[in-house]
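As a plain string of letters, each chain reads:
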Number of protein chains: 2
Amino acid sequence: MDVADLGLPVDVPSTALFTDQYELTMLRAALASGTAERRSVFEVFTRRLPDGRRYGVVGGTGRVLDAVENFRFDAAVLNFLREREIVDEETLQWLAGYRFSGDIWGYPEGEVYFPGSPIMRVEGTFAECVLLETVILSILNHDSAIAAAASRMSAAAGDRPLIEMGARRTHELAAVAASRAAYVGGFATTSDLAAGFRYGIPTVGTSAHAFTLLHDRERDAFQAQVHTLGRGTTLLVDTYDVAEAVRTAVEVAGTELGAVRIDSGDLLLVAHRVRQQLDELGARDTKIVVTSDLDEYAIASLAAAPVDAYGVGTQLVTGSGHPTSSMVYKLVARAESTDPKAPLVAVAKKSSGGKTSVGGRKWAARRLDSYGVAEAEVIGTGPVPAELADRQLLVELVKGGEVVAREPLDAARERHTRARAGLPMSATQLSRGEPVLPTEYLHESSGS
Amino acid sequence: MDVADLGLPVDVPSTALFTDQYELTMLRAALASGTAERRSVFEVFTRRLPDGRRYGVVGGTGRVLDAVENFRFDAAVLNFLREREIVDEETLQWLAGYRFSGDIWGYPEGEVYFPGSPIMRVEGTFAECVLLETVILSILNHDSAIAAAASRMSAAAGDRPLIEMGARRTHELAAVAASRAAYVGGFATTSDLAAGFRYGIPTVGTSAHAFTLLHDRERDAFQAQVHTLGRGTTLLVDTYDVAEAVRTAVEVAGTELGAVRIDSGDLLLVAHRVRQQLDELGARDTKIVVTSDLDEYAIASLAAAPVDAYGVGTQLVTGSGHPTSSMVYKLVARAESTDPKAPLVAVAKKSSGGKTSVGGRKWAARRLDSYGVAEAEVIGTGPVPAELADRQLLVELVKGGEVVAREPLDAARERHTRARAGLPMSATQLSRGEPVLPTEYLHESSGS
């Protein structure tokens, strides 16, 4: 499917410089040593989840597909590499014609993952695959960290909608990707207009304290807002005195007032008081939105409070304490020669120090118990056991260089809801614990 | 100065959508209520430093200037806002002609800051200033968080160079800004080619474990690398056995080998062993680079180890535990009417809950003790005391909408070195503590 078919404006520049220099120097040396064309398999995985987390959430797959499609070296980039003498002329020639022509399989976006899960598998020549390391990791590490935090928050919020409003707390373009990942993880809307523009996410927002302070009286500000945005708007009631503001709000907008927003103070206490006051004023349908430094724990603690929606900023865009996902991109197999038919050899770093990897090209499947609940993440290098054949997790994303798995963002969002629901119930407990599924390895040598 | 004069390629798209929706709905309501043209002063400040930190570092000022200059609403953006019915036609007309025409003063990039420091002051009509909130905060909150972490690391590293290599751990464009902020905070180089391209930061990088694993023998990989990149290259020696790799490396490259890199294991122990082995092999000038999950504490703990350079990734781009800076953008004063001559009234949020602000348009100065060491951050709303007149911190950045303070990145980097050196020595202690300077307020009413 062409991206234009999704009806979303997309504007992805060349992604070829989102690359660490060593990828180009390795390419240069491999071209010189005659190994560049050896068929190779790289895999993205993580050795561990963030401390105490029960599951990870794949975020950014769709952005990886955009990035791979746009990974081209134009004249300005080639000139830069030439002037800096990062590569030689032979390599520049090779880069000028670069276009990824291999295959990519991976966990689809929104799927959950565990330590060792082969989240993405990139296969082609060493030369064409090694260049994609940094951009693939940047996207998956960032977006998955946000999606995981969003998932915990949306589990804690239950049916109450979550508003993403963290743009001001992170890099301006990371914010757009964060909005996107939050939507995958279960958020309903965003305040970030760029995220609405780029990804079609519903946007919301009415006013800040500055708008009240701009006017001579709070009442003037409320009247101006209601006059312009209608009675269904959300009025911010904590600039001066909350109780007085609520009274003024209902006087100005009537009992049809859409919502009030509380952005400071003891939210549990204030929400109860405001609810009581609104009810006494007859504004029983007026909703309460809270938005002050919330995270999944604060959301959970407000479960019994009369709150109708949560706005989350800082803790969402910083991954609620874990702003990155520690995924790595490792060569796990490569051919013995540049003959395209040469068999693959499993390879892995061997030295001590906790950074060892499992070699070999892997499949993954999620085994269910007799109740249909997931009980293990099974990863193997040999044939897939028959009973797991229809529980496999990797799907084809890129085939011979062509993206074959583009999908609307809602598909990833719905997939995440299903995937999380298929885990044991303890997955969504907020308390720290082990990954909710164990990872089991089925190695070729051990049979299967 | 035009950005092109810096000799750096710059490509900043329109920044107008890096905006929270409420800024546009406030604009719309203010245009309707007749308050949009009231002269207003917004200030950027933080109520606190991250827990235990001694000082903050201003990062991103140069990027803010680019963002303000490029804040324009083109047809695609206006159509989006129209289709989503976020604003009305009157507001769309206003936005179509938008160009910031006010003044911006601020702490120059690389300067240090403290709780309450007016890091940036934006002055103009309410309408033109309110729109810049999100993009200014995104840039300053992100870049300052990275610059602060970089500063702590560079203080810990002393004269040993720091390499920024965190691109894969954060959003691909946040990574470019992080490289830039790291350079301001004292890093020497980056692995991120986009940061080299966009900001002229020196780039480095040679090879990863994948390059060794691609070859049939470690020796083949080393030979290929040395053949292509020269004897001065850096060989990665921890794919299999470190001692064997170091022996092979010197056999292949000779004693002129530039450096070896260690990326796993007990770095203190391994560095000592490798240094001894290199010396015994006669490779006394071969340097040792270490690169495994370092932060400022790990760097400090290696001060006595025979290490020549540090590569830092995750902890740099995630702000070493504090990925954002909690800066806010608050209306502190506004005119009583739309008359351009109308006097300014100080305004501030008043409700309880810890989010109160100090109203009024502020100046800031750093008072020195008799030894010339900084002793207090003085912030005031009245006249500047004569003895502080030449210690003022805010400089003019934008005048009547024109950027007047563009500077090369090295100027910010050097400014940071000077600013940090002017603080009490305890500023660079890594242990948790209070801000190294107290913030003193001199209010207009209290005289000065």
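Definitions and cut-offs
- Residues numbered from 1 in each chain as written.
- Chains lettered and ligands numbered in written order.
- Predicted model: local features only at pLDDT ≥ 70, side-chain atom pairs only at ≥ 80, totals over all residues.
- Heavy atoms only, no water.
- UniProt positions renumbered as here; feature names shortened; annotations may be inferred.
- Helix = DSSP H or I, 4+ residues; strand = E, 2+ residues; numbered from the N terminus.
- Buried < 20%, exposed > 50% of the residue type's maximum accessible area, 1.4 Å probe, protein only.
- Contact = heavy atoms within 4.5 Å.
- Areas by Shrake-Rupley, 256 points an atom, 1.4 Å probe, with all protein chains shown as cover.
- Lys, Arg positive; Asp, Glu negative; His and termini not counted.
- Charge placed at Lys NZ, Arg CZ, Asp CG, Glu CD.
- Pairing = 2+ DSSP bridges.
- Axes fitted to C-alpha atoms, helices over the stretch in contact; angles between N-to-C directions.
- Salt bridge = Lys/Arg side-chain N within 4 Å of Asp/Glu carboxyl O.
- Least-squares fit on C-alpha atoms with pLDDT ≥ 70 in both.
- Domains from an automatic or database assignment.
- Buried area = accessible area lost by both parts, 1.4 Å probe.
- Polar contact = N/O pair within 3.5 Å; in protein donor to acceptor, adjacent residues only side chain to side chain.
- Nonpolar A, V, L, I, M, F, W, Y, C, P; charged D, E, K, R; others polar.
- Phe/Tyr/Trp six-rings, centres within 6.5 Å; stacked < 30°, edge-to-face > 60°.
- Lys NZ or Arg CZ within 6 Å of the ring centre and 35° of its normal.
- Parallel < 35°, antiparallel > 145°, perpendicular 65-115°, else oblique.
- Left-handed = near helix turned anticlockwise from the far one by under 90°.

- Chain A is annotated in an unreviewed UniProt entry as Nicotinate phosphoribosyltransferase of Streptomyces tibetensis.
- Per UniProt, chain A carries the Sequence similarities (unreviewed entry) text "Belongs to the NAPRTase family."
- Chain A has a UniProt comment under Pathway (unreviewed entry) that states "Cofactor biosynthesis; NAD(+) biosynthesis; nicotinate D-ribonucleotide from nicotinate: step 1/1."

1. Looking at the overall build of chain A
And then number 1: A tally of regular secondary structure across chain A gives 15 helices and 18 strands.
And then number 2: Overall size of chain A, expressed as C-alpha extent along the three principal axes, is 80 × 60 × 40 Å.
And then number 3: With 448 residues in all, chain A has 60% of them scored as buried.
And then number 4: When contacts within chain A are restricted to residue pairs at least 6 apart in sequence, long-range pairs at least 24 apart make up 74% of them.
And then number 5: As presented, chain A carries roughly 16,200 Å² of accessible surface, and 49% of it is formed by carbon and sulfur atoms.
And then number 6: Positive and negative side-chain charges in chain A, numbering 46 and 59 respectively, have mean positions lying 3 Å apart.

2. Let's talk about the sheet that holds strand β14 (residues 363-368) of chain B
All names here are of chain B.
And then number 1: If you walk across this open sheet you meet the three strands as β14-β15-β18, and the pairing is mixed. Lying at the two open borders of the sheet, with one neighbouring strand each, are β14 and β18 (439-442). Strand-to-strand twist in this sheet, taken as the mean axis angle between neighbours without regard to direction, amounts to 30°.
And then number 2: Here β14 pairs with strand β15 (residues 374-380) via six bridges, running antiparallel. What sits directly across from L368, in β15, is A374.

3. Re the UniProt feature "domain: Nicotinate phosphoribosyltransferase N-terminal" (unreviewed entry) in chain A
And then number 1: The UniProt record marks residues 17-141 of chain A with the feature "domain: Nicotinate phosphoribosyltransferase N-terminal" (unreviewed entry), using the residue numbering of this structure.
And then number 2: Helix makes up 42% of residues 17-141 of chain A and strand makes up 18%, while its end C-alpha atoms are separated by 18 Å.

4. Comments concerning the UniProt feature "domain: Nicotinate/nicotinamide phosphoribosyltransferase" (unreviewed entry) in chain A
And then number 1: Per the UniProt record, the feature "domain: Nicotinate/nicotinamide phosphoribosyltransferase" (unreviewed entry) sits at residues 163-331 of chain A.
And then number 2: Along residues 163-331 of chain A, the helical share is 44% and the strand share 14%, with 39 Å between the first and last C-alpha atoms.

5. Section: the sheet that holds strand β7 (residues 189-190) of chain A
All names here are of chain A.
And then number 1: Across the sheet, six strands lie side by side as β7-β6-β11-β10-β9-β8; this open sheet has parallel pairing. In the strand order of this sheet, the two ends are held by β7 and β8 (234-236), each with one partner.
And then number 2: Relative to strand β11 (residues 309-312), strand β6 (residues 162-164) runs parallel, the two being bridged by three bridges. Considered in β11, the bridge of L162 is made with Y310.

6. Comments concerning the pattern of salt bridges
And then number 1: Throughout the structure, instances matching the rule amount to 56 salt bridges over all chains.
And then number 2: D238 of chain B is paired through a salt bridge with K349 of chain A; the nearest N and O atoms lie 3.9 Å apart. Taken together, the residues span two chains, with D238 of chain B in the loop between β8 (234-236) and α11 (242-253) and K349 of chain A in the loop between β13 (344-346) and β14 (363-368).
And then number 3: Owing to a relative accessible area of 0%, D238 of chain B belongs among the buried residues under this scheme.
And then number 4: Classification of K349 of chain A as buried rests on a relative accessible area of 4%.
And then number 5: R432 of chain B is paired through a salt bridge with D51 of chain B; the nearest N and O atoms lie 2.6 Å apart. Of the two residues, R432 of chain B is situated in the loop between α15 (409-421) and β18 and D51 of chain B in the loop between β1 (39-46) and β2 (56-57); the sequence distance between them amounts to 381 residues.

7. Looking at the relation of the copies chain A and chain B
And then number 1: Laying chain A over chain B is done by rotating through 180° and shifting 0.0 Å along the axis; what remains is an RMSD of 0.0 Å. Classification of the inter-copy transformation places it as that of a two-fold axis. Of the C-alpha atoms belonging to chain A, the one lying closest to the rotation axis is found on A174 of chain A, 3.0 Å away.
And then number 2: When the interface residues of chain A are mapped onto chain B, 100% of them again fall at the interface, so both copies present the same face.

8. Brief notes about the domain arrangement of chain A
All names here are of chain A.
And then number 1: Split by domain assignment, chain A resolves into domain 1 (3-131 + 326-446) and domain 2 (169-318).
And then number 2: Distance from the C-alpha centre of domain 1 to the C-alpha centre of domain 2: 39 Å.
And then number 3: Counting residues at the interface gives 17 residues for domain 1, matched by 16 residues for domain 2.
And then number 4: Approximately 1,500 Å² of surface area, both sides summed, lies buried where domain 1 meets domain 2, with 59% of it carried by carbon and sulfur atoms.
And then number 5: Considering only the side of domain 1, the residues that lose the most area to domain 2 are L409, R413 and L430, jointly responsible for 43% of the buried surface there.
And then number 6: Measuring nitrogen to oxygen at the nearest pair gives 2.7 Å for the salt bridge that ties E109 to R180.
And then number 7: The interface formed by domain 1 and domain 2 contains six residue pairs in polar contact (both at pLDDT 80 or more).
And then number 8: Ranked by the residues each element gives to the side of domain 1 that touches domain 2, the list is headed by helix α15 (residues 409-421), at six residues.
And then number 9: Looking at the side of domain 1 that touches domain 2 residue by residue, the class counts come to six nonpolar, four polar and seven charged.

9. Description of the environment of R48 of chain B
Residues and elements named next belong to chain B.
And then number 1: Assignment of secondary structure puts R48 in the loop between β1 and β2.
And then number 2: Taking the relative accessible area as the measure of exposure, R48 reaches 48% and is therefore partly exposed.
And then number 3: As for R48 and F114, which are separated by 66 residues in sequence, their C-alpha atoms are 7.6 Å apart.
And then number 4: In this structure, R48 is in contact with P115 and S326, ignoring residues within four places of it in sequence.

10. With respect to the interface of chain A and chain B
And then number 1: Contact residues are listed per partner, giving 97 residues for chain A and 97 residues for chain B.
And then number 2: The largest contributions to the chain A side of the interface with chain B come from R168, L193 and L214 of chain A, which together make up 10% of the buried area.
And then number 3: Seen at the junction of chain A and chain B, the total is 14 salt bridges.
And then number 4: Put simply, E172 of chain B and R63 of chain A hold a salt bridge, and the shortest N to O gap is 2.7 Å.
And then number 5: The interface formed by chain A and chain B includes 60 residue pairs in polar contact (both at pLDDT 80 or more).
And then number 6: It is helix α1 (residues 21-33) of chain A that contributes the most residues to the side of chain A that touches chain B, eleven residues altogether.

11. Topic: the environment of A194 of chain A
And then number 1: Counting through the fold element by element, A194 of chain A comes out in helix α8 (residues 193-199).
And then number 2: Along the primary structure A194 of chain A and A303 of chain A are separated by 109 residues, whereas in three dimensions their C-alpha atoms are 31 Å apart.
And then number 3: Residue contacts for A194 of chain A: discarding those within four places in its chain leaves V176 of chain A together with L17 and F18 of chain B.

12. Remarks on the packing of aromatic side chains
Aromatic ring pairs: the centre-centre distance and the angle between the two ring planes describe each pair.
And then number 1: Throughout the structure, instances matching the rule amount to 14 aromatic pairs over all chains.
And then number 2: A centroid spacing of 5.6 Å and a plane angle of 80° characterise the contact between F71 of chain B and F73 of chain B, whose relative ring orientation is edge-to-face. When sorted by exposure, F71 of chain B lands in the same class as F73 of chain B, which is buried.
And then number 3: Aromatic ring contacts, followed pair by pair, group F71, F73, W94 and Y98 of chain A into a single cluster.
And then number 4: Across the ring face of Y199 of chain B, the terminal group of R180 of chain B is positioned such that the distance to the ring centre comes to 5.3 Å.
And then number 5: Its end group placed over the ring of Y183 of chain B, R413 of chain B keeps NZ or CZ at 4.4 Å from the ring centre.

13. Comments concerning the packing of helix α2 (residues 61-69) of chain A against helix α6 (residues 133-157) of chain A
Residue and element names in this part refer to chain A.
And then number 1: It is at 9 Å that the axes of α2 and α6 come closest, and there the two elements cross at 160°. When the axis of α2 is compared with that of α6, the two are roughly antiparallel. By crossing handedness, the relation of α2 to α6 is classed as right-handed. Residues T61, R63, V64 and A67 of α2 form the contact with α6, whose own contacting residues are V135, I136, I139, L140 and D143.
And then number 2: For the contact of α2 with α6, a count of residues per class yields six nonpolar, one polar and two charged.

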